[in-house]
Amino acid sequence: MPTPDELRADIAAARADFQSALEGASASWEKAPTPGAEGEDAWSPRQAAEHAIGADLYFASEVCGACGYPGLELSRLSLATPAEAIAAFAEASAKSDGRLKYVSENDLTMQHKSMGSVADMMALSASHLRDHAAQIRAAG
């Protein structure tokens, strides 16, 4: 099992990938990738960013809950430009990191009611950001 530091490093790398995708999204910000697509596949880069940034906070909050700590306040985002998304993402990442920095080796095996262990949730958080970074790039 990865250590807390390794999981935090993986999340940081996924965030860098997501930030890079946001930085290249201005020409396609409102563009849906595929006509006739359904669900998340039909999202524009803007919709994917709004979802993924909120989910970054959600995953950190759920990690806190599984560990028995207070979670984070969540809200819906409306991001008119990639620049707004980049700023919102920096703020969300700082809030998430402010909680994830306390995850210890003992916390990694704590179980969430439906998403598995804390280690699983942290890995899923990184994977989720990478998936949406790829989605944002594919729309360009």
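Everything below is about the structure shown above.
Residues numbered from 1 in each chain as written. Predicted model: local features only at pLDDT ≥ 70, side-chain atom pairs only at ≥ 80, totals over all residues. Heavy atoms only, no water.

## Some details on the overall build of the chain
Piece 1. In terms of helices and strands, the chain carries four helices and two strands.
Piece 2. For 140 residues, the compact-globule estimate of 2.2 N^0.38 gives 14 Å, and the C-alpha radius of gyration of the chain, at 15 Å, lies within 12% of that figure.
Piece 3. Buried residues in the chain amount to 41% of all 140 residues.
Piece 4. In the chain, the proportion of contacts linking residues at least 24 apart, taken out of those at least 6 apart, comes to 75%.
Piece 5. As presented, the chain carries roughly 7,100 Å² of accessible surface, and 53% of it is formed by carbon and sulfur atoms.
Piece 6. Of the charged side chains in the chain, 11 are positive and 20 negative, and the gap between their average positions amounts to 4 Å. (Helix = DSSP H or I, 4+ residues; strand = E, 2+ residues; numbered from the N terminus. Rg over C-alpha atoms; globule rule 2.2 N^0.38 Å. Buried < 20%, exposed > 50% of the residue type's maximum accessible area, 1.4 Å probe, protein only. Contact = heavy atoms within 4.5 Å. Areas by Shrake-Rupley, 256 points an atom, 1.4 Å probe, with all protein chains shown as cover. Lys, Arg positive; Asp, Glu negative; His and termini not counted. Charge placed at Lys NZ, Arg CZ, Asp CG, Glu CD.)

## Looking at the side chain of Ser 28
Piece 1. Mapped onto the elements, Ser 28 comes out in the loop between α1 (4-23) and α2 (45-67).
Piece 2. Note on Ser 28: relative accessible area 4%, which makes it buried.

## Thoughts on the environment of Leu 100
Piece 1. Mapped onto the secondary structure, Leu 100 falls in helix α3 (residues 82-100).
Piece 2. Through-space distance from the C-alpha of Leu 100 to that of Ala 14 is 15 Å; in sequence the pair is 86 residues apart.
Piece 3. Residues in contact with Leu 100, not counting those within four places in the same chain, are Arg 8, Ile 11, Arg 15, Ala 60 and Val 63.

## As for the pattern of salt bridges
Piece 1. Applying the stated rule across the entire model yields nine salt bridges.
Piece 2. A salt bridge links Arg 8 to Asp 5; its shortest N-O distance comes to 2.7 Å. Highlighted residues: Arg 8 and Asp 5, both in helix α1, separated by three residues, approximately one helical turn.
Piece 3. Since its relative accessible area comes to 21%, Arg 8 is described here as partly exposed.
Piece 4. The exposure class of Asp 5 is exposed, given its relative accessible area of 54%.
Piece 5. Residues Glu 50 and Arg 46 are paired through a salt bridge, measuring 3.0 Å at the closest nitrogen-oxygen approach. (Salt bridge = Lys/Arg side-chain N within 4 Å of Asp/Glu carboxyl O.)

## What to know about the nonpolar core
Piece 1. Core analysis: the biggest nonpolar cluster contains 34 residues, and Phe 18 and Val 118 have the highest contact counts within it.
Piece 2. For this core, the secondary-structure elements that each account for two or more residues are α1, α2, α3 and α4 (118-139).
Piece 3. Here Phe 18 is in contact with Ala 49, Ala 52, Ile 53, Phe 89, Leu 129, His 132, Ala 133 and Ile 136, once residues within four sequence places are set aside. (Core = buried A, V, L, I, M, F, W, Y, C linked by side-chain atoms within 4.5 Å.)

## Focus on α1
Piece 1. Taking 1.5 Å of rise per residue, the 20 residues of α1 would be expected to cover 28 Å, and the 28 Å separating its terminal C-alpha atoms lies within 8% of that figure.
Piece 2. As for α1, its buried residues are in contact with α2, α3 and α4. (Expected span 1.5 Å × (residues − 1).)

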